[in-house]
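Per-entry structural report
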Amino acid sequence: MNILILGIGNILFQDEGIGAHFIHYLDEKYEFEAKESTVSIVDGGTLAQRLIPEIVKYDEVIVIDCIDADNSKPGDVYFFDYHKAPSFINWQGSAHEVEMLQTLNMIDMNKDLPQTNVLGVIPKRVADDTTFELSKEIIDAVKLMEEVIIKHLQKLDIEMKIKREVTIEEIAQISFKRDIINGPKI
Amino acid sequence: MANKRVIVDPITRIEGHLRIEVEVDENNVIQNAYSTSTLWRGLETIVKNRDPRDAGFLMQRICGVCTFSHYRAGIEAVEDALGIVPPLNAKLTRSLMNMALFMHDHVVHFYHLHGLDWVDVVSALDADPAKASKEAFDYAEFPIATGENDLKKVKTRVKEFVAKGQLGPFANAYWGHKTYRLTPEQNLILLSHYLKALEVQRELAKLMAMFGGKQPHPQSLTVGGVTCVMDLLDPSRMGEYLTLFKVGADFIENAYQADVVMAAKMFKDEPSVTAPAGVMNFMSHKEMQLNRTEFLFDSGIIENGDLAKVFEINEDLITEEATHSWYSDNEALHPYEGKTNPNYTGFRDMDTVGPDGKMIHSKVVDEKGKYSWIKSPRYDGKPMEVGPLAAILISYAKGNEKIVPLVNDFLAKTGLPKAALFTTLGRTAARMIQSRAIAKHGLEAFNTLIENLKVDQDTYTSYKIDKDKEYRGRFIGDVPRGMLSHWIRIKNGVVENYQAVVPSTWNAGPIDSLGQMGPYEANLVGLKVQDLSQPLEIIRVIHSFDPCIACAVHVMDKKGNDLGTYKVDPIYGLSC
């Protein structure tokens, strides 16, 4: 089985880049040991539709992104199957944005969306500065996000072994130019 | 009766946060319009004091749609500053990547971002596939995905989609709006192409990635040249470019071109898309290098809609001011001297027309003060429209022999006069004409590259950055949404100042100190809105510019859903 871990987010917007930073973090910290499967890690930035050719190649996809949900607070972590999650997407009149959910929706329309799970986290909006700093809430959420990924990959018969301790803060400074070690395998 | 205010927010079907507020009189005619970006873009601050060679990598993160454009601009601005001329192979490779970007962007824009402003999906479900299949031959020699069976399948597929409740992109639009003009059969043809375009855009996305070295976020452009040498010397790689290019070119000719002609014929009596453009000044920069000396599109400026004279661009006359933008320095400054110090003054309270037509309490822009994160770029003090329409008009006015026949062909097929080009309809058509020009002539760059590689395999020009010297340079070029420029100053070996003047700034900027509106605002004034609770006319006008307010807040919007069951509990782990 070919598995894609896809990080989504705009790294110029602090917490909103967490999806992208987080996959660099996993890539730096862990080795992925699998008997029969492959794990590919991709920093999807905010490319939306342009990621379609990449996404459809895999059997299983884990999308990591910021989400909005009712009754939530920054740092809350969610994990759900794209198909099992409520299907309603807020497309705001006829003026909406094409981003990750819509992209998945478009692949679904073409009937070749792989099994897709979403690991979402609620960002803290730090509006008026442009730096690579993250909020404490999101930094604290990383541990839980990590556990979710470890458990989920375990189910898919993949072991994650620590090769080097790093922090998400360190990674966030270099994500924009860092080479991914576990890049696309297919 | 006093004017009423209507808010459309967000209006982009794509990256970024754009909000439009309009004031209508008792006849629903727009008297005033305010275009505002509600998102701070501090890109200029993040590159300061960094290695100039990193600028391109940071710039490409500005936005998911324009990523290649800003990457290239970030690289080429530094090259200009350091006085580097990359080898021809590098220039042509960048040109090929750029063509792929334009083809992808324009197709996606017409079908997936703008298409539903013209196509009534619900009406398509009543169409007769046999009749529609026949009609498709009126517009294309070899129609795509419009066989009777294809169209039957599309109807079934969309009906299924609707029945499942997963409307996705078809949810919440203004179906049945009076200003839709296509017949059910025509709507069905376009709907079929909407779905086909989902497939074609994948191929075009691959085409874009071909020479990127890495996908996503290409890394093959570097200050001095390109690094994808192995790809250029690999015949199968080059062959793949050719094949995918032709897939795109075929779709552009036999679907996109055909559909825009069909829509233009049907909408030519619809005043909301045929009113004259609000700003009649147009500016574009030469783009798409085809060989050693020639570019597909020309540089220049047209003033007051006069196609008889094209002025050359004097870069010194470009300024940005912030009288009505949330920055502290109001004065008009050349981008080399540009300042980006935020001064957010917020919104004010007012009653506006809500989604159901009733008045509701809202926050609205303070139009007398500051009201947008976008600055107001001006050329010689005047507002300019940039984008495919500007590129096509300027090349047309200059007698560009590759562009003139395509414009004339469109006018002949639709029976429209030249004046029709200066409209919302013309803007949407110009994007198609630009795509068609690339589809028809783009491979000249490919052939030149192949020929040149036989005798010259240089892809890189070496250089040194002297820490004791000061440099400044810029990139100016046309990208899918219009003229883009990046301006850089380098001191002590690091970035001293950086300014990006993006196309959507030219088009979407607020009024300037003289009260002159930019194209978005000016194009809305005078527009009549049939139904204030369904402002499709406003959306159609604004979407014709392909708004992309460079920078996205990327949050999956699952609001209103019961996501609680999927919350991961920190102590007990996964709850699902």
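Thresholds, definitions, all that
Within each chain, residues carry numbers counting from 1 in the order of the written sequence. Chains carry letters and ligands carry numbers; both start at the beginning, A for chains and 1 for ligands, and go up in the order they are written. Residues qualify for local features only when their pLDDT is at least 70, as the model is predicted, and side-chain atom pairs are given and counted only at 80 or more; totals for whole chains, interfaces and linings, by contrast, use all residues. In computing side-chain values, all of the structure's heavy atoms are included and hydrogens and water are not. UniProt positions are given in the numbering used here, feature names are shortened, and annotations may be inferred rather than shown by experiment. Labels follow the DSSP assignment, with helices taken as runs of H or I lasting at least four residues and strands as runs of E lasting at least two, numbered in each case from the N terminus. In this setup the radius of gyration rests on C-alpha atoms only. A globule is expected at 2.2 Å times the number of residues raised to 0.38. Think of it in three bands: residues with accessible area under 20% of the maximum for their type are buried, residues over 50% are exposed, and the middle band is partly exposed, with areas taken using a 1.4 Å probe on protein chains only. Contacts are assigned to residue pairs that have any heavy atoms within 4.5 Å of one another. Computed with a 1.4 Å probe, the accessible areas rest on the Shrake-Rupley method; for each residue, only the protein chains presented here act as cover. Put simply, two rings from Phe, Tyr or Trp (the six-membered ring, in Trp's case) pair if the centres are within 6.5 Å, and we call them stacked under 30 degrees between planes, edge-to-face over 60, tilted for the rest. In this scheme, the term charge over a ring applies when either NZ of a lysine or CZ of an arginine sits within 6 Å of the ring centre and within 35 degrees of the ring normal. Each helix should span, by expectation, one fewer than its residue count multiplied by 1.5 Å. Every axis corresponds to a line fitted to the C-alpha atoms, with the helix fit spanning only the stretch in contact, and the corresponding angles, defined between N-to-C directions, vary from 0 to 180 degrees. Under this scheme an angle from 65 to 115 degrees is roughly perpendicular, one under 35 degrees roughly parallel, and one over 145 degrees roughly antiparallel; angles in between are oblique. In a left-handed crossing the near helix is turned counterclockwise from the far helix by less than a right angle, and in a right-handed crossing that turn is clockwise. For this classification, Asp, Glu, Lys and Arg are treated as charged, while Ala, Val, Leu, Ile, Met, Phe, Trp, Tyr, Cys and Pro are nonpolar and the rest, including Gly, are polar. For this analysis, a salt bridge means a side-chain nitrogen from Lys or Arg found within 4 Å of a carboxyl oxygen belonging to Asp or Glu. Pairing between strands is defined by DSSP: at least two bridges between them are needed. Joining through side-chain atoms within 4.5 Å is the link that ties buried Ala, Val, Leu, Ile, Met, Phe, Trp, Tyr and Cys residues into a set, and such a set is a nonpolar core. A residue's pLDDT is simply how confident the predictor is in it, with values from 0 to 100.

If you check an unreviewed UniProt entry, chain B appears there as Hydrogenase 2 large subunit from Halarcobacter bivalviorum. The Sequence similarities (unreviewed entry) field of the UniProt record for chain B holds the comment "Belongs to the [NiFe]/[NiFeSe] hydrogenase large subunit family." Under the UniProt heading Subcellular location (unreviewed entry), the entry covering chain B gives this text: "Cell envelope".

As annotated in an unreviewed UniProt entry, chain A carries the name HyaD/HybD family hydrogenase maturation endopeptidase and is attributed to Halarcobacter bivalviorum.

Let us now look at the overall build of chain B. A count of helices and strands for chain B gives 18 helices and 17 strands. Over its C-alpha atoms chain B spans a radius of gyration of 24 Å, differing by no more than 12% from the 25 Å that the globule rule assigns to 576 residues. Dimensions of chain B along its principal axes, counting C-alpha atoms only, are 70 × 65 × 55 Å. Relative to its full complement of 576 residues, chain B shows a buried share of 64%. Intrachain contacts of chain B at a sequence separation of at least 6 include 73% that bridge at least 24 residues. As displayed, chain B offers around 20,000 Å² of accessible surface, 50% of which is attributable to carbon and sulfur atoms.

This next bit is on the packing of aromatic side chains. All names here are of chain B. Tallying each qualifying case throughout the model produces 22 aromatic pairs over all chains. One aromatic cluster in this structure is built from Trp-326, Tyr-327, Tyr-344, Phe-347 and Trp-373. The ring of Phe-545 has Arg-427 sitting right over it, with the charged end atom 3.8 Å from the ring centre. Directly above the ring of Trp-118 sits Arg-540, whose terminal nitrogen or CZ lies 5.6 Å from the centroid.

For A:Lys111, which is not a glycine, the phi torsion comes out positive at approximately 60°. Position of A:Lys111 among the secondary structure elements: in the loop between helix H3 (100-109) and strand E6 (115-121). Located in the positive-phi region is B:Asn49, a residue other than glycine, with phi close to 65°. The class for B:Asn49 is exposed, based on a relative accessible area of 60%.

This next bit is on helix H1 (residues 18-29) of chain A. Residue and element names in this part refer to chain A. Taking 1.5 Å of rise per residue, 12 residues should cover 16 Å, and H1 covers 16 Å from first to last C-alpha, within 8% of that figure. Along H1, 12 of the 12 residues are buried, which leaves the element largely enclosed by surrounding structure. Among all positions of H1, only Ile-18, Gly-19, Ala-20, His-21, Phe-22, Ile-23, His-24, Tyr-25, Leu-26, Asp-27, Glu-28 and Lys-29 are buried.

Moving on: the packing of helix H8 (residues 184-209) of chain B against helix H10 (residues 235-267) of chain B. Residues and elements named next belong to chain B. Contact pair H8 / H10: the axes reach a minimum separation of 9 Å and the direction vectors enclose 155°. By the angle class used here, H8 and H10 are roughly antiparallel. For the pair H8 and H10, the crossing hand works out as left-handed. Residues Gln-186, Ile-189, Leu-190, His-193, Lys-196, Ala-197, Val-200, Glu-203, Leu-204, Lys-206, Leu-207 and Ala-209 of H8 lie in contact with H10, whose contacting residues are Arg-237, Tyr-241, Leu-244, Phe-245, Val-247, Gly-248, Phe-251, Asn-254, Ala-255, Asp-259, Met-262 and Met-266. In terms of residue class, the contact of H8 with H10 is made up of 15 nonpolar, 4 polar and 5 charged.

The subject of this paragraph is the pattern of salt bridges. Residue and element names in this part refer to chain A. As enumerated under the stated definition, the model contains 47 salt bridges over all chains in all. For the salt bridge of Lys-29 with Glu-146, the shortest nitrogen-to-oxygen distance reads 2.7 Å. Note that Lys-29 is positioned in helix H1 and Glu-146 in helix H4 (residues 136-155), a separation of 117 residues in sequence. Relative accessible area serves as the criterion here: at 7%, Glu-146 is assigned to the buried category.

Once that is clear, we can look at the UniProt feature "binding site: Ni(2+)" (unreviewed entry) in chain A. The UniProt entry lists A:Glu16, A:Asp65 and A:His96 under the feature "binding site: Ni(2+)" (unreviewed entry), expressed in the numbering used here. If you trace the backbone, A:Glu16 turns up in the loop between strand E1 (2-8) and H1.

Residue and element names in this part refer to chain B. The strand order E14-E15-E16 describes an open sheet built from 3 strands, whose pairing is antiparallel. What marks the edges here is a single partner per strand, and that holds for strand E14 (471-479) and strand E16 (494-501). Direction aside, neighbouring strands of the sheet carry axes that sit 15° apart on average. Of the pairings in the sheet, the one linking E14 to strand E15 (residues 482-491) comprises 9 bridges and is antiparallel in character. Across the sheet, Asp-478 pairs through a bridge with Met-483, a residue of E15. Each of E14, E15 and E16 is contacted by helix H3 (residues 67-82), which is oriented at about 145° to E14, the strand it contacts most.

Membership of the largest hydrophobic core comes to 141 residues, with the highest contact counts inside it found for B:Tyr111, B:Phe211, B:Tyr241, B:Phe410 and B:Ile438. Each residue touching B:Tyr111, except ones within four places of it in the same chain, is listed here: B:Leu116, B:Leu190, B:His193, B:Tyr194, B:Ala197, B:Phe251, B:Ala255, B:Tyr256 and B:Asp259. With 35 residues, the next largest nonpolar core counts A:Ile23, A:Val39, A:Val77 and A:Val166 among its residues.

All names here are of chain A. For strand E5 (residues 77-81), the buried fraction is high: 5 of the 5 residues fall into the buried class. Burial along E5 is two-sided: Val-77, Phe-79 and Asp-81 and Tyr-78 and Phe-80, pointing in opposite directions, are all buried. Pairing of E5 with E6, which is carried by 5 bridges, proceeds in the antiparallel orientation. Note that in E6 the partner of Tyr-78 across the bridge is Gly-120.

With that settled, the discussion passes to the confidence of the model for chain B. All names here are of chain B. Confidence in the prediction of chain B, expressed as mean pLDDT, is 89, and 91% of residues score 70 or more. Between residues 12-16, whose pLDDT stays under 50, and residues either more than four places distant or in other chains, the model counts 39 contacts. For the stretch residues 550-561, pLDDT sits under 50, and the model shows 63 contacts to residues farther than four places along the chain or on other chains. For this predicted complex, the interface confidence comes out at an ipTM of 0.79, alongside a pTM of 0.90.

Our focus in this paragraph is the confidence of the model for chain A. Mean pLDDT over chain A stands at 86; residues scoring 70 or higher make up 89%. Low pLDDT (under 50) marks residues 87-98 of chain A, which in the prediction has 45 contacts with non-local residues, meaning those over four places away or in another chain.

Moving on: the pairing of E1(A). Residues and elements named next belong to chain A. With 7 of 7 residues buried, E1 is to be regarded as a mostly interior element. Neither face of E1 is open: one carries Asn-2, Leu-4, Leu-6 and Ile-8, the other Ile-3, Ile-5 and Gly-7, and all of them are buried. Inspection of the sheet shows E1 paired to strand E4 (residues 60-68) by 5 bridges, in the parallel sense. Note that in E4 the partner of Ile-5 across the bridge is Ile-62.

On to helix H13 (residues 404-414) of chain B, then. Residue and element names in this part refer to chain B. Within H13, burial applies to Val-404, Leu-406, Val-407, Phe-410, Leu-411 and Thr-414. Packing partners of the buried residues in H13 comprise H10, helix H12 (388-397) and helix H14 (424-441). Positive backbone phi, approximately 70°, marks Gly-415, located one or two places after H13.

This part covers the environment of B:Lys153. All names here are of chain B. Relative to the helices and strands, Lys-153 is located in helix H7 (residues 148-164). Among the residues examined, Lys-153 registers a relative accessible area of 58% and is labelled exposed. Each C-alpha atom of the pair Lys-153 and His-324 lies 51 Å from the other, and the pair is 171 residues apart in sequence.

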